[in-house]
Every structure is written in C-alpha cells, then in structure tokens.
Amino acid sequence: MAWLREWLCVLLLVCVAVQGQDEAAADAEGEVAGAEGEVAGAEGEAAEGKSAEDGDEEAWTYVEFLKSEVSEKVEVILQKTLYEAREKKGFTVLEETVTKTLEQVMEIRESLLKRIKDIRKGDVQIDTEQNIKQEQMLSEFRMEIMTILLKLVDRDATSIDKLKEISQDLLRFKMTISNEVMRMLMLPQATSGKKQQPTGDCSECDALKDISFKIENLVACADKEEGEDAQEPEADAEAAAPAEDGSSDKAAPGEVCMPPAMYAMDLISVNELIDTEIRDLYNNIVTKTDEEERQKLFKKLDDFKSLRETIDDMITKLMSQTDEEKLKKLVTRSLGRVNTELKTKLSDCQAQCGPGGCESCAADVLYDAIAKMNDYKTFFNNTDDEEAKKEFVRTDMIKYINDNNNEAREILIKKATEGAIDECEQEKSDIYKMTKAPMWMLVNTTIFSGVDELEVMVDAMITQLEELLKQYCGSDEVAPGPVDGDDGPNCEWEEYEQTKEYLIKVDEIIQESLFKAKDDSAQMTALLGFVDIQGLYDKRVKKLFEDELVCPDEVKMIKKEYMSQLNKCMAEFMNGKLKFSEMSRLQRISCTKELRNAMESRMGKLLQFELEKSLNEIET
C-alpha cells in the first residue's frame, strides 16, 4: 500500500503541474486576446472617430486627392515627359514634349475644376467647424496651373530655355502641394461641440440674414389685413423655436407674428443682434493688418451703427404709441425702406462669399461661368498672340456650352419622363437657357471680331453673370459669315444632308407616337423624341461654330426656325392638363407638322440651288 500511496502522490503532483500549465496558458491567451481586443477597440475607436469627425475625414480625403490627382501627375510630367525627352531623337522632339506636357497639365486642371465643382454641389463632405478652406486653396492651385498652361501655349514654348522655366514652375507647384499636404496632416484633431469663429466664409452673412428676416417678418406682420389676428405669444415662441435652432423649417415672413404692442420688443431683440455684430467687428478690426480688409470692416461697422440708430428711433416712436392700427402703420412706413436695403445687402454679401452662401442652385452654374471668364482674362494678360487668345476662348467655350446642353437635356428628359422636376433643377434649367445665347455670342466674337472686342465682351459677360448671381442669391443674332471660296465647304449641300436627318427623326415621331397613338404613353414617347431632335440641333450648331461659322445661314435656320417651333411643340406636350388620348389625330400632329413643313420647304430650296449650280458647271 505504501507504493500505491507514493504513486498517488506522484499522479497528484503531475495533475497539479498540468493544471498550472493550462491556467498559465489560458492566462497568456487571455492577455493576448485582451491586447488584441484593445488594439481592435483602439482601431475601431479611431475609425469611428474618423467617420464621426467630419473635419478629419474631409482633411484626409483632401490629402488623398492632392497626392493621387495632383502631386503624382506632376511627378509623371517631371520624371517621364520632361526628363526622358533627352532620349528621343528627331526635329520634333521639343514640339512633342510640349504637346504631351500640355495634355498632362490640362488633365490636372480638369481634376482641380471637378473637385471644386463637387464641393459646390455638396458631393464632397465639408466640415464647417474645422474650416480647412479646401475650396479656396484649390482655386489658388487652379490659378497656378493656369499660369503654367499659358506658358505652354506661348509661341516660344518649344525651346530649351522655355522648357527649363516650365519645369521649374512645375517643381515649385509640386512643393506648394507638398506644403498643403503637410498643413493638413498638422491640423489638430476635430473636436465636437465647439464651433470655431467663422473666418471669411459665408457664415459672416448669418447675422445680417437673421436681422433681415426679423425686420421682414415684422413688416409682413404689420402689413396684414385687419381680420388676420396675430398669433398668441406661446404659439409664436413654439413656431420660432426651430428657426432659432437653425432648422430649415423656418417660418416664412408674416407667418409667426407678435401682437402690435410687442413690436418694440421685437426691435429690441434686433438691436441685441446688431450689438453683438458690432462687438465682433471691433474685435476683427483690431486683429487685421491688411488695410483693404480693415476698410471693408469699417464700412460694415458704419452700416450697422446707422441701422442701429434707425431702429432706436423706431423703438422710441413705438413705445409712445398704444393704438394697434397706428403701430402697424408706423412699422410699414418706417421699416419698409430698411427692409429693402437689408435684403440688398444680404444678397450682395451672399454673392461675394461663394456658392456656399447662396441657397439657389443656379449659383453653382453662375460661379463656374464667372470662373471661366476670369480664366480668359488671365490668359489675355499672359500672351501677346491674338489668334491664340481667340482660339483658346472659342474651343473652351464651345466645350462648356456643350456640357451645359447635356445637363439641360438630362433635366428635360427627367421632366418629360417623371412629369415634374424639383426647384433646384428648374433653376438650373432656367439659367442654362439664359446664358446659352450670350455664350454663343462670345464664341461668335472670337470668329468675326478682334481681340479688343473679345476682351470687352468677356468683361461684359462677367458683369451680366454677377448681376444674375445677385438676383438668384438674395433672340441671338448671328453675324454674317465670310463668303465661301472655291475650296470652302459646300454649305448648301451639307445643310441639305443634315436637314434630311432631322426629317427622318420627325417622321418617326409622327408615325410611332402621333399618327397611331393608342394611349397616353405615346405623349411621353413623342416628348423624348423631341429631346433627341433638340440634341441633334445642339450638336450641329456646335460643329458649325467649331468650323468658324463658315455656314451662317444654317445656324439661322436652326436657331430661329427649327428650334423655335420645336420648343412650341415641347411646351404643348408638357402641358399637364393635356389629355393625349382625347385629342384627335389632327390636333396631335398639327404642331409637329409645322416643324416638318419648315424643314421640307428649306430642303426644297437647298436642292434647287444645288441643281442650278451643278447645271451651270456642266455648261461652262
């Protein structure tokens, strides 16, 4: 039994040892798992923090864009296009190198323009609190790239010295991008709950917007008819609460009204806003060193002081009056002019600080157009080649018009298929129509006028676009073309062939949608067919202008005859009250028939002209 007792002791020791090893292993695994969990948790928190902190997310995507779409592309130009040019042989090496460099720099410019446009459209997330000024910096980079482009299109660009200068410019530009990347990486982590003081963005218009709304609301309330009683103060407070939180559900002027006896209290709250803004302006003036900026701030300060004095006088008058009707008359007569002035100032403020401050979707289109005009002015100042100036404006503007036409057509198709479009799309559609003719006139100027007139035209375009911008934020005459020479295009025959294509499409619409329409769906099919014809017209006009408008008569026919009639037909078919299935065949076809008759008549004249010319050539 002694030996059994010894074996039991040994077995017990072994079990204890094994158990201890298992526990140690388990503890070790637990520590590893815990460590991995902590790492994963840290990574998760970092990822969660990154997605939660819009500023960090914006900064990082901005850095990725600068590296992949700008910096790396500049490296390709420097390391391959320019550096490896020495390995090439032949007389055209310099020309080929300049051409290739020009294409690559243009690609960088397009990337910058697209990024700016995406920011303005809201496709790129922006953190207003951290305010990294992405759009402002991208605009500066765009101007630097534009300067390099101007040197590449210069006449003496195909020289060794010029290429050296361009390579130095590209190196400096690359360094600028590297500095910007470093600035982003050195930014402090975004913190929630603490809003930074706005610095030059459109939030500088917020105070003016609040003041303007309060005055407009007061005037609208005072202007109500006698039967329209004011809301109770409690209801007023509840309705006004969303507005104070910055909600988009802000009541319209005149919807939320205090009793006339409380008008003075409303104006006192306005004065409190003005006092806050005056205090902030004083603080800004103290910190500014640029004299021009200081003068602008002083001007705003004087305006707010003057406004405060006017409201003070109005408060005194209201406090001395108790009759409700007289209180209403005092407000409408005395504050009407103030209301108008505030609206104008607000509109100007929002127009100056970029599309972020303008609630109109048309502003995006207008800002892009103004930027293009400023690009043209920069080009004019950096080259003496008059033909290069006209060619640059002509090709770029034709491309821009074509892009606008495509977007306008998409909106039109949506309206035709879905029956309605939202307010944003309607504004864009309207602005495309408004700017189309003046832009073609600008193209026209590059063909038939000198550079002096072209520069005047660009300045006039900027003025008109800025006027439109203020409105949204708060028939085209074709010049006679040159006489065709013997080697020029056969305008009449080309127009005949083109019109034949239009006629085929019109006949398809008549046959498939109008002549034997079975139900209301044929109305939609006809509308889409009209949109296709409009696309053919736009494409042809674009081609004619690219050919320097050597066939002006065809442009006149398309724009004055065909497009005019087509627009009438489209407007008729878009009428929501129209019952297509209840219309007779004659009613369905009549408008389209007018368009077809105009085309057939024109084709007959063109064919007659061609036949006479052909016969005359046989006789001679």
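Placed above this text is the structure.
Residues numbered from 1 in each chain as written. Predicted model: local features only at pLDDT ≥ 70, side-chain atom pairs only at ≥ 80, totals over all residues. Heavy atoms only, no water.

## Considerations on the overall build of the protein chain
- Within the protein chain, the secondary structure is distributed over 18 helices and zero strands.
- Looking at the protein chain as a whole, 39% of its 620 residues are labelled buried.
- Summing over all exposed atoms, the protein chain offers an accessible surface of approximately 35500 Å²; the carbon and sulfur share of this is 51%. (Helix = DSSP H or I, 4+ residues; strand = E, 2+ residues; numbered from the N terminus. Buried < 20%, exposed > 50% of the residue type's maximum accessible area, 1.4 Å probe, protein only. Areas by Shrake-Rupley, 256 points an atom, 1.4 Å probe, with all protein chains shown as cover.)

## Notes on the packing of helix α12 (residues 386–418) against helix α13 (residues 423–448)
- Interhelical geometry of α12 versus α13 gives an angle of 155° and a closest axis separation of 9 Å. Put simply, α12 runs roughly antiparallel to α13. Considering only the axes of α12 and α13, their crossing is left-handed.
- Looking at the contact of α12 with α13 residue by residue, the class counts come to 13 nonpolar, five polar and eight charged. (Axes fitted to C-alpha atoms, helices over the stretch in contact; angles between N-to-C directions. Parallel < 35°, antiparallel > 145°, perpendicular 65-115°, else oblique. Left-handed = near helix turned anticlockwise from the far one by under 90°. Nonpolar A, V, L, I, M, F, W, Y, C, P; charged D, E, K, R; others polar.)

## Description of the state of the cysteines
- Here the structure, examined in full by the defined rule, presents four disulfides.
- Two residues, Cys361 and Cys424, share a disulfide whose sulfurs are 2.0 Å apart. Its S-S torsion of about -115° marks the bond between Cys361 and Cys424 as left-handed, since a negative value means left-handed. With Cys361 in the loop between α10 (324–352) and α11 (362–382) and Cys424 in helix α13, the pair connects residues that are 63 residues apart, well separated along the chain.
- A relative accessible area of 17% places Cys361 in the buried class. (Disulfide = S-S within 2.5 Å.)

## A closer look at the environment of Asp323
- By the element assignment, Asp323 lies in the loop between α9 (291–319) and α10.
- Owing to a relative accessible area of 35%, Asp323 belongs among the partly exposed residues under this scheme.
- With 62 residues separating them in the primary sequence, Asp323 and Ala261 have C-alpha atoms 8.4 Å apart.

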